[in-house]
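Residue strings, one per chain:
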Number of protein chains: 4
Amino acid sequence: MNTIGHLINGQIITEGERRQPVYNPSTGDTSREVILASKATVEDAIAAAQAAYPEWRATPPIKRARIMFRFKELLEQNADRICDMIGEEHGKIRHDAMGELQRGIENVEYACGAPELLKGEHSRNVGPNIDAWSEFQPLGVVAGITPFNFPAMVPLWMYPMALVCGNCFVLKPSERDPSSTLFIAQLLQEAGLPDGVMNVVNGDKEAVDTLLVDPRIQAVSFVGSTPIAEYIYSTASAHGKRCQALGGAKNHAIVMPDADMDNAVNQLLGAAFGSSGERCMALSVAVAVGDAAGDALVSKMAEAMQSLKVGAYCEASNDFGPVITRQHQEKVVGYINSAEEQGATIVVDGRNPQVAGYEDGFFVGGTLIDNVTPDMISYREEIFGPVLQVVRVNSMEDAMTLINDHEYGNGTCIFTRDGEAARYFTDHIQVGMVGINVPLPVPVAYHSFGGWKRSLFGDLHAYGPDSVRFYTRRKAITQRWPSAGVREGVEFSMPTMK
Amino acid sequence: MNTIGHLINGQIITEGERRQPVYNPSTGDTSREVILASKATVEDAIAAAQAAYPEWRATPPIKRARIMFRFKELLEQNADRICDMIGEEHGKIRHDAMGELQRGIENVEYACGAPELLKGEHSRNVGPNIDAWSEFQPLGVVAGITPFNFPAMVPLWMYPMALVCGNCFVLKPSERDPSSTLFIAQLLQEAGLPDGVMNVVNGDKEAVDTLLVDPRIQAVSFVGSTPIAEYIYSTASAHGKRCQALGGAKNHAIVMPDADMDNAVNQLLGAAFGSSGERCMALSVAVAVGDAAGDALVSKMAEAMQSLKVGAYCEASNDFGPVITRQHQEKVVGYINSAEEQGATIVVDGRNPQVAGYEDGFFVGGTLIDNVTPDMISYREEIFGPVLQVVRVNSMEDAMTLINDHEYGNGTCIFTRDGEAARYFTDHIQVGMVGINVPLPVPVAYHSFGGWKRSLFGDLHAYGPDSVRFYTRRKAITQRWPSAGVREGVEFSMPTMK
Amino acid sequence: MNTIGHLINGQIITEGERRQPVYNPSTGDTSREVILASKATVEDAIAAAQAAYPEWRATPPIKRARIMFRFKELLEQNADRICDMIGEEHGKIRHDAMGELQRGIENVEYACGAPELLKGEHSRNVGPNIDAWSEFQPLGVVAGITPFNFPAMVPLWMYPMALVCGNCFVLKPSERDPSSTLFIAQLLQEAGLPDGVMNVVNGDKEAVDTLLVDPRIQAVSFVGSTPIAEYIYSTASAHGKRCQALGGAKNHAIVMPDADMDNAVNQLLGAAFGSSGERCMALSVAVAVGDAAGDALVSKMAEAMQSLKVGAYCEASNDFGPVITRQHQEKVVGYINSAEEQGATIVVDGRNPQVAGYEDGFFVGGTLIDNVTPDMISYREEIFGPVLQVVRVNSMEDAMTLINDHEYGNGTCIFTRDGEAARYFTDHIQVGMVGINVPLPVPVAYHSFGGWKRSLFGDLHAYGPDSVRFYTRRKAITQRWPSAGVREGVEFSMPTMK
Amino acid sequence: MNTIGHLINGQIITEGERRQPVYNPSTGDTSREVILASKATVEDAIAAAQAAYPEWRATPPIKRARIMFRFKELLEQNADRICDMIGEEHGKIRHDAMGELQRGIENVEYACGAPELLKGEHSRNVGPNIDAWSEFQPLGVVAGITPFNFPAMVPLWMYPMALVCGNCFVLKPSERDPSSTLFIAQLLQEAGLPDGVMNVVNGDKEAVDTLLVDPRIQAVSFVGSTPIAEYIYSTASAHGKRCQALGGAKNHAIVMPDADMDNAVNQLLGAAFGSSGERCMALSVAVAVGDAAGDALVSKMAEAMQSLKVGAYCEASNDFGPVITRQHQEKVVGYINSAEEQGATIVVDGRNPQVAGYEDGFFVGGTLIDNVTPDMISYREEIFGPVLQVVRVNSMEDAMTLINDHEYGNGTCIFTRDGEAARYFTDHIQVGMVGINVPLPVPVAYHSFGGWKRSLFGDLHAYGPDSVRFYTRRKAITQRWPSAGVREGVEFSMPTMK
């Protein structure tokens, strides 16, 4: 049995009493186990980070950035190996894992711009001969807690920027698919990062709680479900830390009557079923405006779904893989059942997919449900599975009300050709990330990622420009020199001057 | 008895059962009382703000800014009246009140630049024919909770920026000196602000708690003491809000052997005793490096203090006035007593000041204490009175350790002529606002205000650039238009096109 | 005869031999004359500016900005008087003059944000213990040369920003309508601007050439016609100055088949005929895509033009006034004649307008010409009169080719509802200012104004963010302090330290 | 005989009639010759760039940036080979060539941040439902003309930023040491740059003039001597192009009485003699304030210079190498002679250096001249050789007057420990790049490089943030959509909608 440990102060630590199996969701097998860190182990990691901080903080930003340049090269060189690890433990198909990794690398690229991003603001003569400037100095030791669904990408949203800003980091990734995360962190050392600057501890609530209360941790970034995000945010805040906690989602696409329907269907296919819908930006609800649009959408989507292929991560021709666990598979099926029971129409049914050779994998097939209404459980909650639900409304205003009334406000999209409709939508929709004919509007790395309402707690979004401000403290300096000394000295040979 | 009410939806509300006297601390008299808002009254204010929000949000930023241009004019025209109100209820001398108001107006000036400050980031071609941009949209209804010591200035740190960003506001100012705050808010209406956009509720913990838990409040800005700041931050955060909570301070100045001593003493005089030391940026500890510097500092300071004049707010020749309440007067004296008991030297004793004609005023005279040590209560806690304590150390490193070890990290200063010493200090001191020969390094309005450590909870500082980000939500939009429709149409005369 | 002089060092100078009459173009009368400055007079102005520079440069930006706050108030208080002056000498109707002034005031509002706009960039630790920052320092004395068509607005594009950046200014406005320009400059003094910081010299080529070659002038901003712009740019550059020279225009609107035609016609009406078309942003060519669009456009426009009213500046019900001179009136009519001769269709003919009571005014009525082709003189050259020409094409691509092939690239517009068409247009059109359903896309004051191709010479645009960079010089500072001196001193009582 | 050709459209072109030998200045030998491009050849390069432009312009900035990421890797991998080429043709020692290359690579690193740097400004609601944004679009084909003294670095100041902004480039490097420049440009293709985007033409005035007048060239960046810079600037400007032309220098260091003298001497040694003084940032004049400082400086410098070693590029222990040509060697010696004749004191005489084995190399030894006065030719002109001149003055004010009166204003430095002196200096010195105890204050790549006065013509500096603005055109877009069409449609089933 292969054991996955922690990375603390440059060393892999595989000691620890509590362990948990890591599954291959495509087969249902388990050939690895992960160590769950104790409080003491997490504190070791924090101590290592704290010890590495003074020297790392004093390292010029351009030198910190150059480690990211090398890190990017190493990530590209090791892409195949990383994607294999992701596939084995998470189940996503190679092309999808490659996409994830690429999105992660883009954050490393952004971090390479640290010297520009860290510039402070300088004001000559705020008063007569008084100057003032603001700097963005690092915080110290900061922590990240990340989910199973993007074991490579989400950690890369956090620590590259945290590190180039001058902080040291303790990462607590998901214990369900920890291998790629740990491997990637080790590449940082190969890229030249000093020991202790980056640390990884695998674990469960014990590790999380240790990070949330330890006074040496200055800030916490979290991505996961909303109930946990809420717990993280209130607990970290109660301990005086800054915190950004990203939670769940229910992302709607409005399909307008003037939409390019073939394009919309094609886009939705990937956005709804890619990565088995286990994405916080998955497009899980399509809101058709008018019956004509609704009918066209459902019939074209049902047809397009005939060629969708669910299966094991290792076969490149598959479109998406299994969900993460047996329990989660059952939960997704439960949501489909409930929709059916509450009167929705199951147009394409993915509850019993046949994946030859992988009978014990945790598969759910692509599912299309029509005539969904806002009161249904399947509409109100996040399913996190390959299920696209269609709601039908009579006007764009109704469609927007649906979205604005929902608890979550992560992502959304409108399909239209009309400039006015698109503009009205972007202005009035209560959602943080908005697509115009882009169903998965994950901002590029040089913008920032964040939802509204109960999809994000905190004020600064993840990665991009906001992350600079999250991972630094503003220091404002005001400077006035006393009346001229050496400058106006007329007799420079006097012995009291050196 | 004059009654001070609330401003809700453009109306002054003077109903309410619970009332509290407002003192004139120069005389000890009370001729006004303030109404303490009930939960229902605060909710009325929130409802008014919520109702005014959609139209205010849709008002172009340049028009919002123009109300601030007019507000600035009105503040300048009404400066005398405002300063009288401040003097009567807070006790600060006219020149000091004028300084406070001016610092407040500077935030209004900054808010006039809203159209520039609110610019989002636009990226053409994040992918082929895909554009992305980020906007900074208002939050909705936001709240401010402010302290007694700057009844005009601290509210003006908050709502001008919150308003021009498109938010509506509910302010809960200090109930000890509420008149100027309320009067100023009414000027906003005269400047053209629509009813309901700005609301003021006077009150106590009931009002505060209502703001902290009401789901319609999106964000809370607070300035006050650290224990309350901590409560505000954890409570608001536990209710999912964004929050910035500024707390207490213990601001040290390091006096280096090469300092321009006369200048340093002159600067410290105002920084330690101005406004009776009731400023979160008051310079309350001088750390002398070397005995020569210490001796010179104490003797010159003692001499300079001979001309310091404490007295009633209405006499322009006074340097500073009373403290805010009888209890606070006793508390300050208690700190001086404790220092004496713990072995410090009372060089100048302000415990029994004689202010002819104002025998019942809450006065404490300027006090200088030498040989203070870090274990003394008077050193560890914030006194918030006209007391300057001198600590003596042997090296700059020791002086910095003192500062970095203290619980607070609001402001600090070094007196030196030496570029290297100043640079080392700004780099390594764990304090948010740093002065080089500037003992009260309050950042100008176009930088931002915030301490480190337990002087501020949250990630974004008050006013200036950080306030734009605090009072707005980032919305990231990604846009791609479908394959050309009208553009590539070859037959434009067909009847189906309008 | 009323004499209009210069403003030099705070004094109005009315001496000078060469004079020129100033007309009232609504009546053809002249009751004022303007003095044309000699080389020596211009050099006096430059010397005054040079003398005022050191103190103005040292004035903190916030104080410079506060003069702009007061200037804005004064402009608003004197708006009626200013608009009368503009009307009398330029001929534009009150509502139009008010619009011009308001656009000018917006640049003053922008200049009020100087402290924010002038922030430099600060980098801690560009190397170990080495810091670097860049400041934007003023240039010294800079000059502006402005056209007759916006005697209030165009100067206000230049000097408010130049002044708050710390420069002193010499303005050479149009000698055809100099009164409002001079009056406005005098308000600056009332607002508190020190003498000599702002100077106005009226004049002709002699004044211009003096400014272009005097070595004390650091930069020249120009707005006028392209041949002069080209001369200004090459001459100023040959004398080592920085220069931005804005020239002529031929602004096209594409009317797409899906346009909201009533809206388009309504918009075009103001954009083509407002201010008699004497605007560098006037929309003078409408390109109809497809015959249906062309027919609808021409018939609706002809109908809408029936209510257009040309007449004297002083009657509020008029839509637009006379052109600037008799010669210009003849030139405009000549262009209409040439179009007719070259085969175009004069749909609405404004060549002989009847303006009762103003028979000697320089009027041209609103003119609509259809079937214009790119080879016609009236198409190739800038008419600067109330003439709208319609060109018909078969595709959007053809319409864009027309625009991209034209010598000028100032402004342009597309009327469409289609997001894709608009996006393609903004991306590929070779024009500096682009409107989507906005026919007069003059950027707001917080963006910058500038055309492409032969409509602008230089790299930085007028007003807005670009003007900060144009009116300042970057200074890059790199700082390292030698090994610690005073900081690490161990014996601080030695007598050699003060 | 090895022939060095051009790089046009991805091909090395070695045809051409006019050729010129390329020397090895360490030996005086020549084993290569460079082809001097005819007008037709330069026009081929421009045509290739023009043809490549549409596709390169449409390539997303992030993809353009990724070519720079790969280019950086290739530069690092080929560093040894590049430095050999530089050494052979320019003569600089390996460690110095490495420094040059590293500084060049830093500009490539900066260019990797293109997606961030190219962000435009977006404003929602500049009016009701009207949005505006500004983009920074590429210019088209731009040109660079670069000097012999940094054959790798100076071109890298220009084209990486020009390219990532979306432009195509034609480089005319120095014909004296063309090999490294050409080799580096070829690495760009290996990095994935499409053919024609980057072109190199070797040549002389014919090539330069072709670039200056060809209408397809949109912008010209130049680095060289001031007379040529002036010619370039006025000629390019007269042809309507934007231009930045960097010229000569005479960089002074003020040595204050309180300077850390050992440090100052050590710093000056490298700054004065490194690269034989053939740097536009070479520190060639030391201004000593007070006789004590002057005496100490001269004696310590003379002593330190004893270990200075001049010699061939290929020996690592040498401090600096030969100058570029025999004529230049004679010119430098001529300046030393003239100083001697005009009364200065030759303290260390480098006129006849002995370099064993390299008797025909173009060597000048390190030379120190004391008692130089401002009227001497050697003071007024740029020597561009390993000569440090000392001027003695009595006050800092006198020292600054010297600097401010000099024709050039490229770089300068002050050696002091005093904060006030340093601050006064940075505020008032008329020089673009200022060092505090940093004698060679070349800004880091993320700030911008540029002198003042006759050291730079144009308004935007080289590389860094300014280069983004230089290599792009601002396009301002204002957008309003007509009254709602599809959004408010009530009957969506009508057949005319697709």
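Right above here is the structure, for reference.
Quick caveat: nothing in here was measured; it's all calculated off a predicted structure.

Mapping chain D onto chain A calls for a screw motion: a turn of 180° about the axis and a shift of 0.0 Å along it, with 0.0 Å RMSD after fitting. The superposition of one copy onto the other is thereby described by a two-fold rotation axis. When C-alpha positions in chain D are compared against the rotation axis, the closest is assigned to D:Gly113, at 2.7 Å. Counting the interface residues of chain D, we find that 96% of their copies in chain A are interface residues as well, pointing to one common contact surface.

Interfaces are often described in size by the accessible area the parts lose on coming together. Chain D puts 50 residues into the contact, and the matching count from chain A is 51 residues. Remark: the boundary between chain D and chain A carries 8 salt bridges. When the shortest N-O distance is used, the salt bridge between A:Asp427 and D:Arg124 registers 3.8 Å. Counting the contacts that link chain D with chain A gives 18 residue pairs in polar contact (both at pLDDT 80 or more).

With that settled, the discussion passes to the packing of aromatic side chains. Counting across every chain of the model gives 42 aromatic pairs over all chains. Counting every residue linked through ring pairs, the aromatic cluster contains A:Phe71, A:Tyr159 and A:Phe169. One Lys or Arg, C:Arg473, reaches over the ring of D:Trp452 and ends 5.0 Å from the middle of that ring.

Time to look at the pattern of salt bridges. Here the structure, examined in full by the defined rule, presents 148 salt bridges over all chains. Note that C:Arg18 is salt-bridged to C:Asp204, the shortest N-O span being 2.8 Å. Residue C:Arg18 is found in the loop between β3 (11-13) and β4 (19-24), and its partner C:Asp204 is found in the loop between β10 (198-200) and α8 (205-213); the two are separated by 186 residues along the sequence. Residue C:Arg18 is classed as partly exposed on the basis of its relative accessible area, which comes to 32%. Classification of C:Asp204 as partly exposed rests on a relative accessible area of 22%. One salt bridge in this structure joins D:Arg392 and D:Asp370, with 3.1 Å as the shortest N-O distance. With a gap of 22 residues between them, D:Arg392 in strand β17 (residues 387-393) and D:Asp370 in strand β16 (residues 367-370) connect regions that are remote in the sequence.

A few words now on helix α9 (residues 226-238) of chain B. Residues and elements named next belong to chain B. Taking 1.5 Å of rise per residue, the 13 residues of α9 would be expected to cover 18 Å, and the 18 Å separating its terminal C-alpha atoms lies within 8% of that figure. Among the residues making up α9, those that are buried are Thr226, Ala229, Ile232, Tyr233, Ser234, Thr235, Ala236 and Ser237. Just downstream of α9 lies Gly240, where phi reads positive at about 80°.

All names here are of chain B. Spatial ordering of the open sheet is given by β1-β5-β4, a layout of 3 strands whose pairing is mixed. Single-partner strands in this sheet number two, and they are β1 (2-4) and β4 (19-24). This sheet shows a mean twist of 40° between the axes of neighbouring strands, independent of strand direction. Packed onto the sheet, helix α3 (residues 79-90) meets β1, β4 and β5 (29-35) and runs at close to 100° relative to β4.

Here the structure, examined in full by the defined rule, presents 0 disulfides over all chains. Not engaged in a disulfide, the cysteine C:Cys280 finds its nearest cysteine sulfur in C:Cys413; these two sulfurs lie 16 Å apart. The closest cysteine sulfur to the non-disulfide-bonded D:Cys112 is located on A:Cys112, 7.0 Å from its own sulfur.

What counts and how
- Residues numbered from 1 in each chain as written.
- Chains lettered and ligands numbered in written order.
- Predicted model: local features only at pLDDT ≥ 70, side-chain atom pairs only at ≥ 80, totals over all residues.
- Heavy atoms only, no water.
- Least-squares fit on C-alpha atoms with pLDDT ≥ 70 in both.
- Contact = heavy atoms within 4.5 Å.
- Salt bridge = Lys/Arg side-chain N within 4 Å of Asp/Glu carboxyl O.
- Polar contact = N/O pair within 3.5 Å; in protein donor to acceptor, adjacent residues only side chain to side chain.
- Phe/Tyr/Trp six-rings, centres within 6.5 Å; stacked < 30°, edge-to-face > 60°.
- Lys NZ or Arg CZ within 6 Å of the ring centre and 35° of its normal.
- Helix = DSSP H or I, 4+ residues; strand = E, 2+ residues; numbered from the N terminus.
- Buried < 20%, exposed > 50% of the residue type's maximum accessible area, 1.4 Å probe, protein only.
- Expected span 1.5 Å × (residues − 1).
- Pairing = 2+ DSSP bridges.
- Axes fitted to C-alpha atoms, helices over the stretch in contact; angles between N-to-C directions.
- Disulfide = S-S within 2.5 Å.

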